[in-house]
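Given next are the chains, with one letter for each unit.
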Amino acid sequence: MFKGLGTAMITPFDADGAVDFSALEKIVDGQLNGSVDALFVCGTTGEPPTMNAAEREKVVKSVIEQVNGRIPVFVGTGSNDCAHAVEMSKQAQAMGADGVLAVTPYYNKCTQDGLFLYYKAINDAIDIPIVAYNVPGRTGVNMKSETVEKLTVLKNVRGVKEASGNIAQILETSRRIRGSQINLYSGDDCIAVPIMSVGGSGLISVASNAIPAVMSKMIHAWLDGDHAKALDMQMQYQPFFDAMFLEVNPIPVKTACALLGMCKPFMRLPLTALTEGNKEKLEKIMKDLAIL
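From a predicted model like this one, the values you see are computed outputs, not experimental measurements. (Residues numbered from 1 in each chain as written. Predicted model: local features only at pLDDT ≥ 70, side-chain atom pairs only at ≥ 80, totals over all residues. Heavy atoms only, no water.)

**Q** Help me understand unusual backbone geometry, please; the structure alone is not making it clear to me.
**A** As a rule of thumb, non-glycine residues mostly have phi less than zero, and peptide bonds are mostly trans rather than cis. A cis amide bond links Asn249 to the next residue, Pro250, at an omega of 10°. Within the element layout of this structure, Pro250 appears in the loop between helix H11 (238–243) and helix H12 (251–259). That bond from Leu269 to Pro270 is cis: its omega, 15°, falls within 30 degrees of zero. Note that Pro270 resides in the loop between H12 and helix H13 (276–288). Despite not being glycine, Cys42 has its phi angle at roughly 60°, a positive value. Mapped onto the fold, Cys42 is located in the loop between strand S2 (38–41) and helix H2 (53–67). Cys42 gets classed as buried once you look at its relative accessible area, which sits at 3%. Of note, the phi angle at Glu47 is positive, near 60°, even though the residue is not glycine. Mapped onto the fold, Glu47 is located in the loop between S2 and H2. (Helix = DSSP H or I, 4+ residues; strand = E, 2+ residues; numbered from the N terminus. Buried < 20%, exposed > 50% of the residue type's maximum accessible area, 1.4 Å probe, protein only.)

Set out below in structure tokens:
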């Protein structure tokens, strides 16, 4: 596992919708040069619901080979079909992934007991770390603090990415898993420092696709004990973090990366281009912060 900054990577596409592997290589280089501590491939920000199995495999293999063990690479393998999540997790391990990111089941939802059994099934099928991902705004199900505590009996569950936005719940989760093998990671850039202040081990970031070095400095300032610097950076870049949700993720961050010349600004339907008014807002924020 890691302490620090993980990036929830975008997947770059060409105008015809094909994966742009040249841009992907450039993005990975930028992440490594920006001193990130881990990469998360084919998670929500990577648009995996629109990618077929062969594309996902090729993207994962490309990133793992390029990183070549320098930092951990985690692969998004969550599903609303438990058997499919298990199979994808086994495939990720076979491809050389250092861990998997498994979002809670979505759409068909489940009980808290169902959540535990879902993670147990993945745990029992692989021998690499699992990061459980709680993002009820997308999935329609909230993994409660007591359920995260139950996961401490599963040896491979080594982290929880918390993107519920509920600080009281996150604090309670941190209290319940303190001293266990489960690391708490913020899943939201806008509350990264607050979550670290209640025991978080770091951030799994959207914004770091565009500004990896900045995000790494902020997170490591906190971990190194320079809490004032970390808080100052959190406040300074808050407009950019907020801009990452002008429209649904990853539309704004992929647009930001395109403005910086990292990739082309193409998404796959049902995601669409950032509207012109919001693009102007994003550009202004990036210029005000000297990102662009």
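**Q** Would you mind going over the pairing of strand S5 (residues 130–134) with me for this structure?
**A** Each regular strand shows side chains that alternate between the opposite faces of the sheet. Among the five residues of S5, five are classified as buried, and the element is accordingly described as predominantly covered. Here S5 shows a buried face lined by Ile130, Ala132 and Asn134 and a second buried face lined by Val131 and Tyr133. Relative to S5, strand S4 (residues 99–103) runs parallel, the two being bridged by four bridges. Its bridge partner being in S5, Ala102 is matched across the sheet by Ala132. For the crossover from S4 across helix H4 (residues 112–125) to S5, the handedness is right-handed. (Pairing = 2+ DSSP bridges. Right-handed = clockwise from strand over helix to strand, strands pointing away.)

**Q** Is there a simple way to think about helix H7 (residues 167–177) in this case?
**A** Those residues of H7 that fall on the buried side of the exposure criterion are Gln169, Ile170, Thr173, Ser174 and Ile177. On an axial view of H7, the arc spanned by its buried residues comes to 140°, and they lie on one face. Along H7, exposed side chains directed more than 90 degrees from the buried face belong to Ala168 and Arg175. Against the buried residues of H7 lie S5, helix H6 (145–150), strand S6 (157–162), strand S7 (183–186) and helix H8 (192–197). Positive phi appears at Gly179, one or two residues downstream of H7, with a value of about 85°. (Arc of directions from axis to C-beta. Contact = heavy atoms within 4.5 Å.)

**Q** What is the right way to look at the environment of Phe245 in this model?
**A** Here Phe245 shows up in the loop between H11 and H12. Residues Phe245 and Thr111, spaced 134 residues apart in sequence, show a C-alpha to C-alpha distance of 29 Å.

**Q** How should the sheet that holds strand S1 (residues 4–8) be read in this particular structure?
**A** Strand pairing in a sheet relies on backbone hydrogen bonds, with the paired strands running either antiparallel or parallel. Taken in spatial order, the eight strands line up as S1-S2-S3-S4-S5-S6-S7-S8 and close into a barrel, and their pairing is parallel. Strand-to-strand, the axes of this sheet are offset by a mean angle of 25°, without reference to chain direction. (Axes fitted to C-alpha atoms, helices over the stretch in contact; angles between N-to-C directions.)

**Q** In this structure, what is going on with the side chain of Thr45? I would like to understand it.
**A** Within the secondary structure layout, Thr45 lies in the loop between S2 and H2. On the basis of relative accessibility, which here comes to 4%, the residue Thr45 falls in the buried class. In terms of polar contacts, Thr45 uses its side chain to reach the side chain of Asn249, at 3.0 Å. Those residues in contact with Thr45, other than ones at most four positions away along the chain, are Ala8, Met9, Ile10, Thr11, Val206, Asn209, Asn249, Pro250 and Val253. (Polar contact = N/O pair within 3.5 Å; in protein donor to acceptor, adjacent residues only side chain to side chain.)

**Q** Got a minute to help me understand the side chain of Asn183 in this structure?
**A** The topology assignment puts Asn183 in strand S7. On the accessibility criterion, Asn183 (16% relative accessible area) is buried. Here the side chain of Asn183 touches Ser201 through a polar contact of 3.1 Å, side chain to side chain. Here Asn183 is in contact with Met1, Arg158, Gly159, Val160 and Ser201, once residues within four sequence places are set aside.

Don't take any of this as a statement about function, it's just geometry.
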